[in-house]
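What follows is the residue order along each chain.
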Amino acid sequence: MSAKEKIVIAGGSGFIGKALAAYFKSKYDVVILSRNNQVDEEGIRYVYWDGKTLGYWQRELEGITALINMTGRSVDCRYNQTNKDEIYNSRLNSTYILGKAIEKCLIKPQVWLNSSSATIYRYAEDRPMTELTGDLGKGFSVDVCKKWEQMFNSFSYLGVRQVALRTAIVLGKNKGVMVPFTNLVKFGLGGKAAGGKQMFSWIHIDDVCRAIDFLIHENISNGAYNISSPNPITNKVFMRCLRKQMHIPIGLAQPKWLLTIGAKLIKTETELILKSRWVVPERLQQAGFTFSFYTVEEALQQLVKK
């Protein structure tokens, strides 16, 4: 592989972005577009951008192997109007300006992968949602994803291969959702939430990186892909597996009313726990991708500290 091959990650300072940078830096020159001034690391170079206007950063996109856009304000917050506006704007503005930057490239990126979310699908307890047969849902979070993908798809005229990453809940060691979930178990509150029948679609962070790598090299891939484990489970099963791995056999169940109060206290929403996401990666599997962590038990064995 030529040392000149390069990957640019926009929004590479978050949980998934950092994991991608660490994964790719041994294979490519990695450039992270960041709104924070950061010191370069071995194999990773940081370039400033504001996520909404063109600047000298756009030169980094010339002739690169892949652009991966992970930019977006965290949804781990209360859905007041200020936060909603930031959630929308951070996603739509960054996607728009990346498209305009690609438009100006003399040699365009080979592929543009843009973050989305598996929450774009409806609440589902009846059947799994695939890219072809899944029903899109309603509500704020779904609308964010719809507008995000619409903005992304509006640049199809550029002739660049485009992949929308409809990512499920990502499990990482001491990162992301694993922090609140393991804390619940530690304090004896790791029982089922609101009945526990809602589906929990998940994916190990290593498989996120591997799936994106796979899609970069799968030259016919385009459109939306569900980035999720092929084995989603219920909230009840997930919490039971997590308790078992942490050697804490008992966890009090959390009724909906208590979760609502708790979410307000820690300034977040209950959607992460209460929405039934039943998503399967049909297109990834049809393309021949194989998972390193096929079951949630395998994932938790690797993620939970002994």
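All of the points below concern the structure found in this document. Just so we're clear, the structure is a prediction, and the values are computed from it rather than from any experiment. (Residues numbered from 1 in each chain as written. Predicted model: local features only at pLDDT ≥ 70, side-chain atom pairs only at ≥ 80, totals over all residues. Heavy atoms only, no water.)

**Some points on the overall build of the protein**
Broken down by element type, the protein carries 10 helices and 12 strands. In terms of overall size, the protein behaves like a compact globule, its C-alpha atoms giving a radius of gyration of 19 Å where 306 residues would be expected to give roughly 19 Å. Dimensions along the principal axes, computed over C-alpha positions, put the protein at roughly 60 × 40 × 40 Å. Across the 306 residues of the protein, 50% fall into the buried class. Of the contacts formed within the protein by residues at least 6 apart in sequence, a portion of 76% connects residues at least 24 apart. Accessible surface, the protein as shown: approximately 14400 Å² in total, 54% of it carbon and sulfur. If you average the places of the 41 positive and of the 27 negative side-chain charges in the protein, the two averages end up 6 Å apart. (Helix = DSSP H or I, 4+ residues; strand = E, 2+ residues; numbered from the N terminus. Rg over C-alpha atoms; globule rule 2.2 N^0.38 Å. Buried < 20%, exposed > 50% of the residue type's maximum accessible area, 1.4 Å probe, protein only. Contact = heavy atoms within 4.5 Å. Areas by Shrake-Rupley, 256 points an atom, 1.4 Å probe, with all protein chains shown as cover. Lys, Arg positive; Asp, Glu negative; His and termini not counted. Charge placed at Lys NZ, Arg CZ, Asp CG, Glu CD.)

**Brief notes about the nonpolar core**
Nonpolar side chains tend to gather and get buried jointly when the protein is soluble and globular. Grouped together as the largest cluster of nonpolar side chains are 33 residues, with contacts concentrated most on Leu20, Phe24, Ile68, Leu113, Ile212, Ile216 and Ile227. Looking at which element gives the most residues to this core, the answer is helix 5 (residues 205-217), with 7 residues. When sequence neighbours within four positions are dropped, the list of residues in contact with Leu20 reads Ile9, Ile68, Met70, Cys209 and Ile212. Within the second largest apolar cluster, 22 residues are counted, among which are Val31, Leu33, Trp112 and Ala224. (Core = buried A, V, L, I, M, F, W, Y, C linked by side-chain atoms within 4.5 Å.)

**Regarding helix 3 (residues 140-153)**
Because an α-helix completes one turn every 3.6 residues, residues spaced three or four positions apart along the sequence face the same direction. End to end, helix 3 covers 20 Å across 14 residues, agreeing with the expected 20 Å (1.5 Å per residue, within 8%). Buried within helix 3 we find Phe140, Ser141, Val142, Val144, Cys145, Trp148, Glu149 and Phe152. Buried residues along helix 3 sit against helix 2 (81-103), strand 5 (111-117), strand 6 (161-167) and helix 8 (271-274). (Expected span 1.5 Å × (residues − 1).)

**Some thoughts on the packing of helix 4 (residues 178-186) against helix 6 (residues 235-245)**
Across the interface, helix 4 lies against helix 6 with an axial gap of 10 Å and an inter-helix angle of 70°. The angle between helix 4 and helix 6 places the two elements in the roughly perpendicular class. The crossing of helix 4 and helix 6 is right-handed. For the pair helix 4 and helix 6, contact is made by Met178, Phe181, Thr182 and Val185 and by Phe238, Met239, Leu242 and Arg243, respectively. Residue composition of the contact of helix 4 with helix 6, grouped by class: 6 nonpolar, 1 polar and 1 charged. (Axes fitted to C-alpha atoms, helices over the stretch in contact; angles between N-to-C directions. Parallel < 35°, antiparallel > 145°, perpendicular 65-115°, else oblique. Left-handed = near helix turned anticlockwise from the far one by under 90°. Nonpolar A, V, L, I, M, F, W, Y, C, P; charged D, E, K, R; others polar.)

**Digging into the layout of surface pockets**
Roughly 190 Å³ of internal volume is contained in the second largest pocket. As for the second largest pocket, its lining consists of Gly172, Lys173, Asn174, Met178, Val179, Thr182, Asn183, Lys186, Met246, Leu303, Val304 and Lys305. Ranked by the residues each element gives to the lining of the second largest pocket, the list is headed by helix 4, at 5 residues. (1 Å grid on protein atoms, 1.4 Å probe; cavity = no way out; pocket = protein on both sides within 12 Å on 5 of 7 lines; lining within 4 Å. Points joined across faces, edges and corners; volume = space filled by probe spheres on them.)

**Topic: the packing of aromatic side chains**
Per the stated rule, a full pass over the model turns up 14 aromatic pairs. Ring plane angle 35° and centroid distance 6.1 Å describe the contact between Phe155 and Tyr157, whose orientation is recorded as tilted. The exposure class of Phe155 is buried, given its relative accessible area of 4%. An aromatic cluster is defined as three or more aromatic residues linked by ring pairs; in this entry it consists of Tyr96, Trp112, Phe152, Phe155 and Tyr157. In this structure, Arg91 is placed above the aromatic ring of Trp148, and the distance from its NZ or CZ to the ring centre is 4.9 Å. (Phe/Tyr/Trp six-rings, centres within 6.5 Å; stacked < 30°, edge-to-face > 60°. Lys NZ or Arg CZ within 6 Å of the ring centre and 35° of its normal.)

**Considerations on the pattern of salt bridges**
Per the stated rule, a full pass over the model turns up 12 salt bridges. Taking the shortest distance from any N to any O, the salt bridge between Lys6 and Glu60 comes out at 2.8 Å. Remark: Glu60 occurs in the loop between strand 3 (44-48) and strand 4 (66-69) and Lys6 occurs in strand 1 (residues 6-10); sequence separation between them is 54 residues. Looking at Lys6, the relative accessible area reads 15%, which means it is buried. We classify Glu60 as buried; its relative accessible area is 13%. By sharing partners, the salt bridges in this structure join Arg122, Asp126, Arg127 and Asp135 into a single network. (Salt bridge = Lys/Arg side-chain N within 4 Å of Asp/Glu carboxyl O.)

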